[in-house]
Amino acid sequence: MANILIVDDDREVANFLSYFLKEKNLEVYKAYNGKDFQRLFRQQSYHLALIDVKLPDASGLDILKEITEQMPVCKTIVMTGYSTIKVAVEAIKLGANDFIEKPFADLDVLEKTIDHLLKNKTTMAESDIQVLAKKSGIVTGNSETMKRLLALAYKIAPKHINVLIEGETGTGKELLAHFIHQASKRNEQPFIGINCGALSDTLLESELFGHDKGAFTGALKERKGVFELAGKGTLFLDEIGEASLATQVKLLRILETGEFMRVGGEKIQKTNTRIISATHVDLAEAVKSKTFREDLLYRLDVVKLVIPPLRERKEDIHLIANHLLEQAGTVFQLSAETAAIFEQYDWPGNVRELSNVIKRALTVMDEDSHIITPKHLPEKMRIGKPRLVEKKQPEEENFEEYMQQWTDNMIAVWKSEDKVEMEMILHNVKELEREIGRAFVIKMLRATIGNRQDAAKRLNISMRKLRYLLNEKSTRP
Ligand SMILES: Nc1ncnc2c1ncn2[C@@H]1O[C@H](COP(=O)(O)OP(=O)(O)OP(=O)(O)O)[C@@H](O)[C@H]1O
């Protein structure tokens, strides 16, 4: 018989769960606080623990950590209220197998979650993730960060919570949104994507909410918007940071009330669409510069998934490249030199750029050739070409040299007769901004003998910004 440990200070909930689990012939133990937990935890081993995140004398997350570290065979479910869902996501990152919301609205879901874990179905989840990733066109690669990201996305997919995906252009944000849709119970319903940056304000509102006949010049017929079309499915709002403040107000209303009106319409409509939004800009910064509403960000970013750029998961480059080559026909290969270039290159356009580079190489290759060599790659990728950015980071002692080198290289590209890759130039300007920011913070930290608060004050920036400049972006969901 399986041993179950319930850790909850709400006796009503603990008693209900106990009754519910005993009916299933399970052996149940109840802890109403941290002290009870410590006593019961030392007594024997458990197969499953249901942990409330808020206890009077202990933190549910600390208890979770203790269980995952000291009794890894024990499966864990964290219980939260809706307002603490961010804590639940934190718990998943710490190793919780699942989370459920209190009050338990659907006992079937509760029962299935428990049965699933007791039948040791966690390894099945891994193969499920692989299948769904493939279905969504994601090559999973080898990087641990990507594996953890997909595992988290898989766990939150069935819950009705909004997700914000952050990542540079071409990192696969839309694919990840599709993966979440596939892994959710909405997978039979539509998945609709819309790019908020590609449409004018009026057009975007009409696309989102639809319009009634005569709503504006040219609105000859009534038209459904994507919220109506997506229905109970998933709506992917790409480049959400580009939505105007007026559209943001309307989106906020939908998120708060589940209601909207067509442009020029008078009827209030209800929606149950799940929203996954994506951005390549830092929305927290946009909030500070007042171009993005804080309350909307709070609603969209219940769970934040950050896809790392390709240059930070170099181990994935070859796997993805080989996969793309396989798609084109198994006979193609990268030469050792090309593989080395791929590894050194920064990939400002990420996986999209990798895919384009491979497609280009396949079209410029001789018909009887099967090996991609450096001569098949774009100019800018070849070794020996002046690089805009030296890999060495600027410090106090080499700052002037770094700036000089950067300027010289930029002038060389400016004067060059070659085709100019604007994406690469913009990427390098951004990188320069990042490096200069970091160098100034480090210089100030030296001056303040490491006192971060003092350094932030002297630079007239917030602590958050200081951490950001040091590349210590908060890992909070
Ligand atoms: N892990 C991956 N495996 C295979 N292909 C990928 C992967 N990630 C991205 N791609 C490919 O890269 C291209 C860009 O993907 P996607 O549109 O999802 O990126 P994005 O981050 O949404 O880009 P943008 O910000 O420009 O809209 C697509 O062709 C996609 O198939």
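Residues numbered from 1 in each chain as written. Predicted model: local features only at pLDDT ≥ 70, side-chain atom pairs only at ≥ 80, totals over all residues.

**Q** Hey, could you go over the UniProt feature "modified residue: 4-aspartylphosphate" (unreviewed entry) in the protein for me, with residue numbers and the actual values?
**A** Under the local residue numbering, the UniProt record ascribes the feature "modified residue: 4-aspartylphosphate" (unreviewed entry) to D52. Along the chain, D52 falls in strand β3 (residues 48-52). Among residues more than four places away in sequence, those in contact with D52 are V7, D8, D9, D10, G60 and M79. (UniProt positions renumbered as here; feature names shortened; annotations may be inferred. Helix = DSSP H or I, 4+ residues; strand = E, 2+ residues; numbered from the N terminus. Contact = placed C-beta atoms within 7 Å.)

**Q** Provide a residue-level description of the domain arrangement of the protein, including the pertinent values.
**A** Domains assigned within the protein are domain 1 (3-120), domain 2 (144-306), domain 3 (310-385) and domain 4 (393-477). Once you take the C-alpha centre of each, domain 3 and domain 4 turn out to be 29 Å apart. Between domain 3 and domain 4, the contact holds five residues from the first and six residues from the second. Tallied by class, residues from the side of domain 3 that touches domain 4 come to one nonpolar, one polar and three charged. (Domains from an automatic or database assignment. Nonpolar A, V, L, I, M, F, W, Y, C, P; charged D, E, K, R; others polar.)

**Q** Can you lay out the sheet that holds strand β10 (residues 234-238) for me, pointing to particular residues and giving the numbers?
**A** Reading across from one edge, β7-β10-β13-β6-β14 is the order of the five strands in this open sheet, with parallel pairing throughout. Every other strand in the sheet has two partners, leaving β7 (191-195) and β14 (303-306) as the edge strands with one partner each. Between one strand axis and the next, the sheet turns by 20° as a mean value, whatever way the strands run. Inspection of the sheet shows strand β6 (residues 163-166) paired to strand β13 (residues 274-279) by four bridges, in the parallel sense. Bridge pairing in β13 places L164 opposite S277. (Pairing = 2+ DSSP bridges. Axes fitted to C-alpha atoms, helices over the stretch in contact; angles between N-to-C directions.)

**Q** Residues and numbers for the site of the ligand, please.
**A** V139, G172, K173, E174 and V351 are the nearest of the 17 residues found near the ligand. Among the secondary structure elements, those contributing two or more residues to the shell around the ligand are α8 (173-183) and α16 (350-364). Each residue belonging to the shell around the ligand can be placed in one class, and the counts come to five nonpolar, eight polar and four charged. Two domains each provide a minimum of three residues to the shell around the ligand, namely domain 2 (144-306) and domain 3 (310-385). (Near = placed C-beta within 6 Å.)

**Q** Lay out helix α14 (residues 314-328) with the relevant residues and their values.
**A** Between the first and last C-alpha of α14 there are 22 Å, a value that for 15 residues agrees with the 21 Å anticipated at 1.5 Å per step. Its buried side turned inward, α14 meets α7 (144-156), β15 (333-334), α15 (336-344) and α16. With its phi angle positive at about 130°, G329 sits one or two positions after the end of α14. (Expected span 1.5 Å × (residues − 1).)

**Q** Help me get a handle on the pairing of β6, residues and values and all.
**A** Across four bridges, the pairing between β6 and β14 is parallel. Within β14, the residue paired with I165 across the bridge is L305.

**Q** Explain the nonpolar core residue by residue, including any values.
**A** By size, the foremost hydrophobic cluster in this structure holds 75 residues, and its most contacted members are V7, V78, A153, I165 and I180. With six residues, α7 is the largest single contributor of residues to this core. Those residues in contact with I165 that lie beyond four places of it in its chain are K173, L176, A177, I276, A278, L305 and I307. Residues I317, W347, V357 and A361 belong to the second largest nonpolar core, which totals 17 residues. (Core = buried A, V, L, I, M, F, W, Y, C linked by C-beta atoms within 7 Å. Buried ≥ 20, exposed ≤ 12 C-beta atoms within 10 Å, placed from the backbone.)

**Q** I'd like a rundown of the packing of α14 against α15, residues and numbers included.
**A** Each pair of packed helices can be described by the angle between their axes along with the distance between the axes. Where α14 contacts α15, the axes come no closer than 9 Å and their chain directions differ by 135°. What the angle tells us is that α14 and α15 run oblique. Crossing of α14 against α15: the hand is right-handed. Taken together, the residues of α15 that come into contact with α14 (itself represented by K314, I317, H318 and A321) are A339, F342 and E343. Tallied by class, residues from the contact of α14 with α15 come to four nonpolar, one polar and two charged. (Parallel < 35°, antiparallel > 145°, perpendicular 65-115°, else oblique. Left-handed = near helix turned anticlockwise from the far one by under 90°.)

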